[in-house]
Amino acid sequence: MHCVSSKHAVMMVSFCQGALLLSLAAAMAVYADIKVDCGPDFVELMWTEGRPQADTSLLRLGSCFPTSFSAGEAYFYVDLTDCNFRILVTGDVLLYSNDLTYIASEDSYNLAFTHPVVCAYERPKDWYSSQQIYDPVFKTYGLGDLQFTLGLMNDDFSGPAESTSFPLGSIIPIMASVVQKSHQPLLLLLEECVAATTPELHPESTMYPIISNKGCLLESVSSQSKFEPRQKSSEMRLSLQTFKFAMGEEVFIHCKLLAWDPNGLDSTKKACHFVKGHGWELLDNLAQSNLCDCCESKCKSRRQRSVASEKHGMVQKAVIGPFTITDVNS
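Residues numbered from 1 in each chain as written. Predicted model: local features only at pLDDT ≥ 70, side-chain atom pairs only at ≥ 80, totals over all residues. Heavy atoms only, no water.

Per an unreviewed UniProt entry, the recorded name for the protein is ZP domain-containing protein, and the organism is Champsocephalus esox.

1. Remarks on the overall build of the protein
For clarity, the threshold we go by: Think of it this way: any DSSP run of H or I at least four residues long counts as a helix, any run of E at least two long counts as a strand, and we number them from the N terminus. Accessibility here uses a 1.4 Å probe with only protein chains present; expressed as a share of the type maximum, an area under 20% marks a residue as buried, one over 50% as exposed, and anything in between as partly exposed. Only heavy atoms matter for contacts: two residues are in contact if any of them lie within 4.5 Å across the pair. Throughout, the Shrake-Rupley method with a 1.4 Å probe supplies accessible areas, and for residues the shown protein chains are the sole cover considered.
Across its full length, the protein carries one helix and 24 strands. Relative to its 330 residues, the protein shows a buried fraction of 50%. Long-range pairs, those at least 24 residues apart, make up 63% of the contacts in the protein between residues at least 6 apart in sequence. Looking at the protein as shown, the accessible area adds up to about 16,300 Å², and 52% of this sits on carbon and sulfur atoms.

2. Quick word on the pairing of strand 21 (residues 251-260)
Cut-off, in case you're wondering: A pair of strands is considered paired only if DSSP assigns at least 2 bridges between the two.
Among the ten residues of strand 21, ten are classified as buried, and the element is accordingly described as predominantly covered. Burial along strand 21 is two-sided: the face carrying Val251, Ile253, Cys255, Leu257 and Ala259 and the face carrying Phe252, His254, Lys256, Leu258 and Trp260 are both buried. Where strand 21 and strand 24 (residues 315-326) come together, seven bridges link them in antiparallel fashion. Bridging from a neighbouring strand, Leu258 pairs with Val315 of strand 24.

3. Notes on the state of the cysteines
Heads up, the condition is: We call a pair of cysteine sulfur atoms a disulfide when they lie within 2.5 Å.
One pass over the full model with this rule turns up six disulfides. A sulfur-sulfur separation of 2.0 Å characterises the disulfide bridge that pairs Cys64 with Cys83. Residues Cys64 and Cys83 are joined through a disulfide that is left-handed, its torsion about the S-S bond being -95 degrees. With a gap of 19 residues between them, Cys64 in the loop between strand 6 (59-61) and strand 7 (68-69) and Cys83 in the loop between strand 8 (73-79) and strand 9 (86-90) connect regions that are remote in the sequence. The same class applies to Cys64 and to Cys83, which are both buried. Here Cys272 connects covalently by a disulfide to Cys292, the sulfurs 2.0 Å from one another. Measuring handedness by torsion sign, the sulfur bridge of Cys272 and Cys292 sits at about -80 degrees and is left-handed.

4. Considering the packing of aromatic side chains
Here is the rule we go by: Two rings belonging to Phe, Tyr or Trp (six-membered ring only in the last case) form a pair when the distance between their centres is within 6.5 Å. Interplanar angles under 30 degrees mark stacking, angles over 60 mark edge-to-face geometry, and anything in between is tilted. Throughout this description, the term charge over a ring refers to an Arg CZ or Lys NZ atom that lies within 6 Å of the ring centre and within 35 degrees of the ring normal.
The final tally for this structure, using the stated rule, is seven aromatic pairs. The interplanar angle of 20 degrees and the centroid separation of 5.0 Å between the aromatic rings of Phe42 and Tyr77 together place this pair among those described as stacked. One end of the pair, Phe42, is in strand 5 (residues 42-48); the other, Tyr77, is in strand 8, with 35 residues separating them in the sequence. Judged by centre distance (4.1 Å) and plane angle (5 degrees), the ring pair of Tyr208 and Phe243 falls under stacked. Of this pair, Tyr208 sits in strand 17 (residues 207-212) while Phe243 sits in the loop between strand 20 (235-241) and strand 21, placing them 35 residues apart in sequence. Owing to a relative accessible area of 22%, Tyr208 belongs among the partly exposed residues under this scheme. One aromatic cluster is present, built from ring pairs that chain together Tyr208, Phe243 and Phe245. Sitting above the plane of the Trp260 ring, Lys269 keeps its charged end 4.8 Å from the centroid.

5. Details of the side chain of Ser223
The line we're drawing: Nitrogen and oxygen atoms within 3.5 Å of one another constitute a polar contact, given that in protein one can donate a hydrogen and the other can accept it, and given that sequence-neighbouring residues count only through two side-chain atoms.
Looking at the secondary structure, you find Ser223 in the loop between helix 1 (219-222) and strand 19 (226-227). Of the residues examined, Ser223 reaches a relative accessible area of 13% and is grouped as buried. Engagement of the side chain of Ser223 in a polar contact is seen with the backbone oxygen of Glu219, the distance being 2.5 Å. In this structure the side chain of Ser223 is engaged in a polar contact, spanning 3.0 Å, whose partner is the side chain of Ser225. Non-local contacts of Ser223, meaning those with residues more than four positions away in its chain, are made with Gln241 and Lys276.

Shown next as structure tokens:
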């Protein structure tokens with residue numbers, strides 16, 4: 001039995017077999033209908049397509065193809081252990097999340113889209129993850145009709161970090177994302193990030209700059225830190241090599257997340273990292289790497305209007321942690 005249906009880009013929330021289901025329709029899927037059943041260890045999803053000439057065989061739930069499909073429908077019946085579901089722990093709730101995506105063909109009039117699907121279950125008191133997931137690694141923030149997330153991830157970015165202790169010199173995978181409920185496609189950027197020893201920044205806080213100067217990854221100059229290639233425009237992946245800072249103490253990373261028009265990049269709306277032998281490179285378009293030239297000085301915009309002046313605002317401050325950096329030689 002299907003437990004929820006969403007149409008016309010509205011959010012639907014309901015209880016289903018002891019699970020809380022959250023399903024958010026993508027803006028370009030306003031003529032489709034989705035029914036999802038969160039079972040105890042499976043997810044059943046039916047997508048009914050209303051767009052002309054849409055090919056339902058091009059739908060994917062995570063890494064899984066449709067179990068069956070027809071001219072106007074795609075049906076998925078998958079285990080929660082398949083399809084690269086991500087599992088998060090927030091208090092007494094287990095969140096299993098994935099993305100329903102439509103891969104548009106080159107000659108199609110139908111646009112590609114991503115539709116988040118999340119099943120939330122009450123966490124059994126005797127439940128322990130084999131991945132040893134820790135609460136401090138993933139945070140979600142709502143801003144208007146945008147939802148930002150910032151998290152510490154495992155090595156291949158497929159789920160939350162398995163530990164909150166990182167040896168000096170190791171890589172900390174960090175992922176930021178924004179869910180767009182009704183916006184046109186947005187590009188997510190990390191405008192600035194600093195490490196600190198406090199969950200809130202104060203003038204007396206001990207800080208270590210990671211990203212500054214409007215999107216310049218400073219740590220990439222002297223370490224193996226880098227931005228990873230994008231999987232989608234609304235997501236950023238950062239491989240951050242640990243550095244000598246507050247060794248053995250609690251560390252928090254404070255970031256400013258920016259959602260922006262993908263076609264509006266300039267010297268203050270960018271993601272730049274330093275590549276040995278090449279210099280500063282723009283993550284999203286190597287041909288425009290000249291936007292990164294100011295990373296060695298002061299990045300300023302010629303435009304008068306800033307993102308902060310937008311009607312709904314597209315800047316969100318986020319914090320993850322605490323975690324610790326340990327010295328393996330001590």
